[in-house]
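Reading the structure
Residues per chain, in single letters:
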Number of protein chains: 2
Amino acid sequence: MRLSTKGRYGLKAMLDLAVNGQNGHIALNSIAERQNISEHYLEQLIAVLRKAGLVESMRGAQGGYILARSPKDITVGDILRTLEGSLAPVDCVVENKEHECSQADYCVTKPIWLKVRDSINKVVDSITLQDLVDDYKEVYAQATDMYYI
Amino acid sequence: MRLSTKGRYGLKAMLDLAVNGQNGHIALNSIAERQNISEHYLEQLIAVLRKAGLVESMRGAQGGYILARSPKDITVGDILRTLEGSLAPVDCVVENKEHECSQADYCVTKPIWLKVRDSINKVVDSITLQDLVDDYKEVYAQATDMYYI
DNA sequence: TATAAAACCGAGTGCGTAGGTAGGAATTAA
DNA sequence: TTAATTCCTACCTACGCACTCGGTTTTATA
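Residues numbered from 1 in each chain as written. Chains lettered and ligands numbered in written order. Predicted model: local features only at pLDDT ≥ 70, side-chain atom pairs only at ≥ 80, totals over all residues. Heavy atoms only, no water.

Counting 90 residues, the largest nonpolar core has Met14, Ile79 and Leu129 of chain A together with Met14, Ile79 and Leu129 of chain B as its most contacted members. Non-local contacts of methionine 14 of chain B, meaning those with residues more than four positions away in its chain, are made with Leu49, Leu54, Val55, Leu67, Ile74, Ile79 and Leu129 of chain B. (Core = buried A, V, L, I, M, F, W, Y, C linked by side-chain atoms within 4.5 Å. Buried < 20%, exposed > 50% of the residue type's maximum accessible area, 1.4 Å probe, protein only. Contact = heavy atoms within 4.5 Å.)

A surface patch of negative charge is lined by Asp131, Asp134, Asp135 and Glu138 of chain A. You can see aspartate 134 of chain A is positioned in helix α6 (residues 129-139). (Patch = residues over 30% accessible without salt bridge, like charges linked within 9 Å, V, L, I, M, F, W, Y side chains within 5 Å. Areas by Shrake-Rupley, 256 points an atom, 1.4 Å probe, with all protein chains shown as cover. Salt bridge = Lys/Arg side-chain N within 4 Å of Asp/Glu carboxyl O. Lys, Arg positive; Asp, Glu negative; His and termini not counted. Charge placed at Lys NZ, Arg CZ, Asp CG, Glu CD. Helix = DSSP H or I, 4+ residues; strand = E, 2+ residues; numbered from the N terminus.)

Surrounding DNA strand D, one finds 26 residues, the nearest of these being Leu28, Glu43, Ser57 and Tyr65 of chain A together with Thr5 of chain B. In DNA strand D, atoms within 4 Å of the protein come 62% from sugar and phosphate. Between glutamine 44 of chain B and DNA strand D, the recorded distance is 2.7 Å, taken from a side-chain N or O atom to a base oxygen. Looking at the surface near DNA strand D, the elements with two or more residues in it are α2 (28-35), α3 (39-51), β1 (55-58) and β2 (64-67) of chain A together with α1 (5-20) and α3 (39-51) of chain B. Residues belonging to the surface near DNA strand D are distributed by class as follows: eight nonpolar, 13 polar and five charged. (Near = heavy atom within 4 Å. Polar contact = N/O pair within 3.5 Å; in protein donor to acceptor, adjacent residues only side chain to side chain. Nonpolar A, V, L, I, M, F, W, Y, C, P; charged D, E, K, R; others polar.)

Our next topic: the interface of chain A and chain B. Taken together, the contact between chain A and chain B spans 35 residues of the former and 35 residues of the latter. Taking both sides of the interface into account, the surface hidden between chain A and chain B amounts to around 3,300 Å²; carbon and sulfur atoms contribute 73%. The largest per-residue losses of area from chain A upon contact with chain B belong to Met1, Arg2 and Val108 of chain A, which jointly make up 24% of the total buried on that side. Summed over the shared surface of chain A and chain B, the result is two salt bridges. Arginine 2 of chain A is paired through a salt bridge with aspartate 91 of chain B; the nearest N and O atoms lie 2.8 Å apart. (Buried area = accessible area lost by both parts, 1.4 Å probe.)

So, about the protein's contact with DNA strand C. Near DNA strand C you find 26 residues, and of these Gln44 of chain A together with Leu28, Glu43, Ser57 and Tyr65 of chain B are the closest. Here, DNA strand C places atoms within 4 Å of the protein, and 63% of those atoms are sugar or phosphate. Histidine 40 of chain A is positioned such that a nitrogen or oxygen atom in its side chain is 3.2 Å from a base oxygen of DNA strand C. Between a phosphate oxygen of DNA strand C and a main-chain N or O atom of leucine 28 of chain B, the distance comes to 2.7 Å. Among the elements of the structure, α1 (5-20) and α3 of chain A together with α3, β1 (55-58) and β2 (64-67) of chain B are those that each provide at least two residues to the surface near DNA strand C. When grouped by side-chain class, the residues that make up the surface near DNA strand C number nine nonpolar, twelve polar and five charged.

That's the geometry; what it means functionally is another story.
So, in structure tokens, the structure goes:
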């Protein structure tokens, strides 16, 4: 039941953008360096975030990435589901695919998986990037050049 | 974030034992047949459940398995965590290992993972095998020879 | 006491996915 | 024109899941 690095790295990158991208685009290599993530690998992840409309890019010199929306309008759930797919614990309760199991009406375990899925979504959808930015600023009120996320 | 078949098969097997094991031991092959699980594979899973003290075995002819405790004293969480390990979404919030990350005090994402972990555990710990047996009996009030779990 | 039914055990296998690398093409500010 | 940067496709490797295989040991019963 672990999240892969996709979700974790992606969340780190998005938080990095929220903290550092106030005035303009941020180059991928600077994010990768600060967050200690392979640049080429992060490239693949941010491509997914871009296609999902969570970040926007600018090519060429001085290009980079920027959040597509305000941090308060991007939830942790948006980011994780974009990179990990559904957070459902079993396939039979993946969103919009619940009907696909022929035994759904008789299955006594399905309600368990639904509850687990919904409780996970509830947590991650209740936290916005802005919440994390606020936490970050509080923790690093003094040491402004630290980037542990 | 999917559960593996270990957890799902294990839960099915335990529910099968709760439903069918009222009067004595149940042979593994009958569980495997009813639940449509590879017998040899289920053997490996039930060995884990036995070592964890959730089921007891009797060897030899007419032997088999039986729940070690009353179904009302076995939760879905007990079964899933035994077979899957911690249900934590990331390693840094695996139970009793939270301290191992040197950045734990500064990490702004850790509280997210803690909330996710706790919400998952809360759901699965609130449901007992007896609850599932009751659901099962309700669904199959008429068709008593069906075994979809 | 022999037999068959069952649990117990350890090793091996195929496959998919995670987590990257490698190398280059296209774009654009300076 | 150059250098910085995104974008794209292909490839690679290790690992764990979901089994299979071939036995050994135990025990009720005929």
